[in-house]
Each structure stands twice: as C-alpha cells, then as structure tokens.
Amino acid sequence: MVKLVLVLGDQLTPTLASLRAADKANDRVVMAEVTSEASYVPHHPKKIALVFACMRKFAQQLRDDGWTVDYTRLDDPDNAGSIPGELLRRASDSGASSVIATRPGEWRLIEALEDTPLDLDILEDDRFVASHADFNAWADGRKQLRMEYFYREMRRKTGLLMEDDEPTGGKWNFDQDNRKPAKPDLFMPSPLNFEPDETVQEVLDLVEATFPDNFGELRHFGFATDATEAEAVLDNFIETALPQFGDYQDAMLSGHRFLYHALISAYLNIGLLDPLDVCRRVEKAWQKGHAPLNSAEGFIRQIIGWREFVRGIYFHEGPDYANRNWLEHDRALPGLYWGQKTGMTCLSKTVEQTNEEAYAHHIQRLMVTGNFALLAGIDPAQVHEWYLSVYFDAFEWVEAPNTVGMSQFADGGLVASKPYVSSGSYIDRMSDYCSECSYSVKEKTGKDACPFNLLYWHFLSRHRSRFSDNPRMAMMYRTWDKMESDRQDEILTGAEDFLSRMDAGDPV
Ligand code: FAD
Ligand code: DLZ
Ligand code: SF4
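Residues numbered from 1 in each chain as written. Chains lettered and ligands numbered in written order. Predicted model: local features only at pLDDT ≥ 70, side-chain atom pairs only at ≥ 80, totals over all residues. Heavy atoms only, no water.

(A) View of the pattern of salt bridges. Scanning all chains against the criterion turns up 35 salt bridges. Here Glu33 makes a salt bridge to Arg56, at a shortest N to O gap of 2.7 Å. Note that Glu33 is positioned in the loop between β2 (28-32) and α2 (35-38) and Arg56 in helix α3 (residues 45-64), a separation of 23 residues in sequence. As far as burial versus exposure is concerned, Glu33 and Arg56 are alike and both buried. With its nearest N and O atoms 3.0 Å apart, the salt bridge here joins Arg324 to Glu317. Just as Arg324 is buried, Glu317 falls in that class too. (Salt bridge = Lys/Arg side-chain N within 4 Å of Asp/Glu carboxyl O. Helix = DSSP H or I, 4+ residues; strand = E, 2+ residues; numbered from the N terminus. Buried < 20%, exposed > 50% of the residue type's maximum accessible area, 1.4 Å probe, protein only.)

Given below as structure tokens:
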C-alpha cells in the first residue's frame, strides 16, 4: 500500500527520519508551499524566499535520487492552502491512506497534523544531539534547568573538546576571554553571497508578487539555497572568521553587520547543515591550530549547548510556553520595530539591518531590540511574533525560548537566571552606536538622556517585589537605594514621559 512521506520546509535533510522509514520504490514524498505556513506570521520576504527556494531544490535532489515527489507550488491552482489540506488532497489522488511524518518544530503544526483524518505515523526528529528523552531525563527532578550543566552533558555525550572525562584546557567555558568590544578598523571577513539562479529568481518573483506588504527587503538575496552552498558558507566562516569569533562575539558595529558570526543558523534549522558535523569541523580547526580554544569552545557551546537546550525547553514545557507573561507586560509593540523613525541609533541600526538582511546577530537581538522591549514592558507575545517574523532562522522551537525565555524573562527564569537588562552603558561599551545617537549615553536624566538609562531604573523599580531577592540583582538595587529620592523621581518621571510619547506614536 502506497504511503505519503511528508517533508516540511525546515526538514530538508536526505537522512530525515520519515525518508529513512519510507520505501523509495513505492511511497510518495509530499512537499507543499502553502499559505498557512507562509502567513501564520508576516514573515520577512527573504525568509519565505529562502524556504521556498531550498524546498524546490531539495525536491529536485530527491527526484534525482529516485524518489517520486508530489510538489505543490504556492500559485498552483489546486493548492489546498495548508499542510493537512495538501496531505488529504494527495492521499485522495494517490489512494494512499497513511502518512509518515517527522515531528514538526512547532506545536501549532503538530496539533494540526494530529487532527488530520489520516493514519499518521509521526517520528521523532533526530537531527539533534539530544533526543527529547535525553533532555527530559536530564531535566526531571532538577530544581533549576541551567544551560551550563546541560552543555557539560552534551560535551560528555559527543566527546567534543574532551580529554577522557575532562574538558580540554581544564575549563568547560572560556567566556571570560570573550566579550571584547570591536574596533572599526579591525579586519572584517565577508560572508559569502550567491547570485540567484533560475530557481531562486522564480521564487523571488513569486514572493515579491504575493507578499508585497511584508516588512523586509527581498532583493539583494544572496543566501545559500542548497547543502553545497551552505557548506561553502561554513567553510568560509571557519577559514576567515572562526579564529576571532570568540573575542568579538558580543561586539556591535554600525558599519559591520556580520562581524565574525557564522550566518549558518537558518541552514542548520532548515536541515542543510548537520549540527554535530559543524561542531566536529570547528573542533578540527582548533586541533590544527587554526583557531584558538576560546573561539572553538564558544562556538561549539552555542550549538550543542544553547541550541539543544532551548529545543529541550520548548518541547519539555508544552504548547502554552510561547504565551507566558510572568512579568505581566502589556504595552503594544511600538512602530519603531517596523521601521518607524527613532533617534535611538542602536535600535534604528538594528531594525534597518533586520529589514535589509533578515539577520541580526545574537547581541543585537538580546541587548538592543530585546533589552528595549523588556525595559519598556512590551507584551511578550507581540515581541515573540516580531522575532518569529523577521529573522531568516526563525522557527518557533528555537525562537520562542530565546525570546519569551532568555530575552523577555516571561517564563519566570526557566531559561535565564536573571533578566537580560542593561542601561545604555553596556551598548556604549560594546558598540559604536552611541557616538551617532540623538541621545546622550552619559546623561542619566533630562530630555537628552539615553532612554535605556531611564527605563533601566524604571524596570527595576516597578519589578522590585519580583527581583529584590535575586542575589544576582542585589547590587543594582543597592545602587538604586543609594540615590537621592529627587533623582529617583526625576528618572522615573522621565521614563514615564518617554513611554507616554512612544505609546502616543510620537517619534522617540
Ligand atoms: P553565530 O553567532 O555564528 O553562532 C553559531 C550558531 O550557534 C548559530 O548559527 C546558532 O545555530 C547557534 N546559536 C547561537 N546562539 C544560540 C541561541 N541562543 N539559541 C539557539 N542557537 C544558538 N536563533 C535561531 O536559530 N532562530 C531564532 O529564531 C532565534 N531567535 C532569537 C531571538 C532572540 C530574542 C535571541 C536573543 C536570540 C535568538 N536566536 C535565534 C539565537 C541567535 O541569536 C542566533 O542563532 C544567531 O544570531 C544566528 O546567527 P549566526 O548563525 O551568525 O550565529
Ligand atoms: C517557514 C515556512 C514557510 C514560510 N513556508 C512553508 C511552506 O510553505 N511549506 C512548508 O512545508 N513549510 C514552510 N515553512 C516551515 C514551517 O513553517 C515549519 O515546518 C514549521 O514552522 C515547523 O517548524
Ligand atoms: Fe542606544 Fe542610548 Fe546609545 Fe543612543 S545613547 S545608541 S539610545 S544606548
């Protein structure tokens, strides 16, 4: 009996569980560009184009490899508009009554599949270092889930940077060697760009015609769209940027959008690169003396530590995770996130870059757009929807724990042990944004004061009952308590005034 084999837009891996379980000679692969996936949030046009172009090329690769692929394009007149709809249509056309799927990376789609009236076998997505069972076994019974301890388990499991049972270099984590600000005259590597070929060009035209109003520039599309190109991006990163990745991973520069970052998150998430393989190649670069240990360890930690940890949290916590709002924040996301003019250069530069590239690096996401949303008390569900929309690598299993948990502290401290908040001085230390800003980072009060300086104390003051017992925040509260009450009032009034103007839609 013929079976359908579902392959989603972020499951483009030849060794995918559902493909391994299927019979190439009899079964039919189903792949579909559908409105429901392309518009559950207003995705950046570059992200939609990336997913569609990669899907089309992967479908061709499967056909070349002998599979029968039923591929539906977005503008196909028979397109049923959703993944369950396409499965039902293809089942009725082929006479298949059962489907083999690999578990989607989002509860919304898992639930939709489970509700589909077909005999469905949903297999675990095993393109990760830790299975759900591994994560749950590690998490169950622990009072606190901390990435650092999970990461050590993953080091032991993979043997990466291990000497017998001990971490290479005698330490698990070399972060204290990192976090250097970057100087604008540093040598900067250039990320690879690929000229759109015929397939990509067709997709770009389709996306341009179908999603004309979505936030984000579509043209100057240079992403990799198959595994060979993604490998080339990785090779280029290891060759030109890895050695300094560690030192400068937290730095931000107006004129250098990518610094020493790898730009491979989307390729990992879509399935064009394998996480363990990426880490082994980085380890090899260290073994050959090409990259220092702080860079190799820092990079490997992001992948087998953070990436695996956030996935574990997303599935461990269940479908309501993305709706959490522990701090009860309810302010609407201001227009500046969608490009409304702002005098705050750190935000305008990060949003402008996001608009043009569908990319910002981790510290821009965490300490600029994320920090501001948290300080200003913006509804985390709206912040979550923004991040899920605008980045080329955004899929809910990885985006939600980073946004709702790490960045907005809306899970009450499951992912982060304290809120990632800072005044303007952190941004000033790590970037060159403040020198071009309409506000002054040195001013703590008054109309020219950097809004981060005002909102930082406003945040701490309004959430005192939640955080004053947190030992990692005690020093901040002591500093606040030492301030004259007139100065405290001036700061809080300045923050309120700023927030009212922003809420009213005035340019801030
Ligand atoms: P590099 O800095 O070169 O890091 C190498 C790799 O490590 C990345 O490709 C990525 O796979 C992994 N990595 C690094 N940090 C994290 C992390 N915190 N969580 C998971 N993986 C990590 N990453 C996504 O892949 N998708 C998202 O939707 C996403 N949303 C985010 C939202 C917020 C608010 C924040 C603070 C972070 C988010 N991240 C997300 C994590 C991180 O910012 C991106 O993975 C990284 O910026 C991708 O760029 P890169 O490939 O150049 O990464
Ligand atoms: C992100 C995305 C987009 C834009 N479009 C499609 C699509 O048309 N068809 C498809 O199979 N997948 C798409 N995706 C990826 C899915 O949204 C993704 O599989 C789920 O969010 C689960 O991670
Ligand atoms: Fe951002 Fe404040 Fe610096 Fe301006 S002064 S760039 S608002 S941190």
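From this point, things continue past the structure.
(B) Inspection of the site of ligand 3 at higher detail. Close to ligand 3 lie Met344, Cys346, Gly424, Ile427, Tyr433, Cys434, Cys437, Tyr439, Val441, Cys450 and Phe452, which account for all nearby residues. Looking at the shell around ligand 3 residue by residue, the class counts come to 10 nonpolar, one polar and no charged. (Near = heavy atom within 4 Å. Nonpolar A, V, L, I, M, F, W, Y, C, P; charged D, E, K, R; others polar.)

(C) Representation of the site of ligand 1. Residues in close proximity to ligand 1 total 28 residues, the closest being His261, Ala262, Leu263, Tyr359 and Asn402. When ligand 1 is considered free in solution it has 810 Å² of accessible area, and contact with the protein chains removes 99% of it. Sorting the residues of the shell around ligand 1 by element identifies α11 (265-270), α13 (293-317), α15 (362-376) and α17 (396-407) as the ones contributing at least two each. At six residues, the largest contribution of residues to the shell around ligand 1 is made by α17. For the shell around ligand 1, a count of residues per class yields 15 nonpolar, nine polar and four charged. (Areas by Shrake-Rupley, 256 points an atom, 1.4 Å probe, with all protein chains shown as cover.)

(D) How the structure looks around the side chain of Glu106. With respect to the helices and strands, the residue Glu106 is situated in the loop between β4 (98-102) and α5 (107-114). A relative accessible area of 8% places Glu106 in the buried class. Reaching out from Glu106, the side chain makes a polar contact with the side chain of Arg108 at a distance of 2.8 Å. With residues near it in sequence (within four places) discarded, Glu106 still touches Tyr40, Tyr314 and Glu396. (Polar contact = N/O pair within 3.5 Å; in protein donor to acceptor, adjacent residues only side chain to side chain. Contact = heavy atoms within 4.5 Å.)

(E) Examining the packing of aromatic side chains more closely. Going through the model one piece at a time under the given rule, you end up with 33 aromatic pairs. On the numbers, 6.3 Å between centres and 35° between planes, the contact of Trp107 with Tyr314 is tilted. Of this pair, Trp107 sits in helix α5 while Tyr314 sits in helix α13, placing them 207 residues apart in sequence. Take Trp107: its relative accessible area is 18%, and that puts it in the buried class. On the basis of relative accessibility, which here comes to 0%, the residue Tyr314 falls in the buried class. Aromatic side chains Phe215 and Trp338 sit 5.4 Å apart centroid to centroid with 80° between the ring planes, which places their arrangement in the edge-to-face category. Remark: Trp338 occurs in the loop between α13 and α14 (345-357) and Phe215 occurs in the loop between α8 (198-210) and α9 (227-240); sequence separation between them is 123 residues. Here Arg311 stacks its cationic end above the ring of Phe128, 3.7 Å away from the centre of that ring. In this arrangement the basic side chain of Arg365 is found over the ring face of Tyr391, its NZ or CZ atom lying 4.1 Å from the centre. (Phe/Tyr/Trp six-rings, centres within 6.5 Å; stacked < 30°, edge-to-face > 60°. Lys NZ or Arg CZ within 6 Å of the ring centre and 35° of its normal.)

(F) Layout of the packing of helix α16 (residues 380-390) against α17. Running from N to C, α16 and α17 cross one another at 140°; their axes reach a closest spacing of 9 Å. Classified by the angle their axes make, α16 and α17 are oblique. In this structure, the crossing between α16 and α17 has a hand that is right-handed. Together, Val383, His384, Tyr387 and Leu388 of α16 and Glu396, Glu399, Ala400, Thr403 and Val404 of α17 make up the contact between the two elements. The class makeup of the residues in the contact of α16 with α17 is five nonpolar, two polar and two charged. (Axes fitted to C-alpha atoms, helices over the stretch in contact; angles between N-to-C directions. Parallel < 35°, antiparallel > 145°, perpendicular 65-115°, else oblique. Left-handed = near helix turned anticlockwise from the far one by under 90°.)

(G) Structural detail: the pairing of strand β5 (residues 119-123). Bridge count between β4 and β5: five bridges; the pairing is parallel. Bridge pairing in β5 places Thr102 opposite Leu123. Handedness of the crossover is the feature at issue here: the chain leaves β4, passes through α5, returns alongside β5, and the resulting connection is right-handed. (Pairing = 2+ DSSP bridges. Right-handed = clockwise from strand over helix to strand, strands pointing away.)

(H) Representation of a negative patch on the surface. Taken together, Glu163, Asp164, Asp165 and Glu166 make up a surface patch of like negative charges. With respect to the helices and strands, Glu166 occurs in strand β7 (residues 166-167). (Patch = residues over 30% accessible without salt bridge, like charges linked within 9 Å, V, L, I, M, F, W, Y side chains within 5 Å. Lys, Arg positive; Asp, Glu negative; His and termini not counted. Charge placed at Lys NZ, Arg CZ, Asp CG, Glu CD.)

(I) Broad picture of the nonpolar core. Within the largest apolar cluster, 169 residues are counted, with the highest numbers of intra-cluster contacts made by Met31, Phe52, Ile264, Tyr267, Phe299, Phe309 and Phe372. Dropping the residues within four chain positions of it, Phe52 is found in contact with Glu33, Ala38, Tyr71, Leu74, Val203, Leu206 and Val207. In this structure, Val30, Val34, Ala96 and Ile122 belong to the second largest nonpolar core, which totals 17 residues. (Core = buried A, V, L, I, M, F, W, Y, C linked by side-chain atoms within 4.5 Å.)

(J) Inspection of the environment of Lys482 at higher detail. Tracing the backbone through its elements, the reader meets Lys482 in helix α21 (residues 474-482). Sequence separation between Lys482 and Asp185 is 297 residues, and the spatial gap between their C-alpha atoms is 40 Å.

(K) Expanded view of the sheet that holds β5. Reading across the sheet, the five strands line up as β3-β2-β1-β4-β5 and stay open at both edges, with parallel pairing between neighbours. Bordering the open sheet on either side are β3 (68-72) and β5, each of which pairs with just one other strand. Across the sheet, the axes of successive neighbouring strands diverge by a mean angle of 25°, strand direction being ignored. Relative to the sheet, helix α4 (residues 83-94) contacts β1 (3-6), β2, β3 and β4, its axis offset from that of β1 by approximately 155°.

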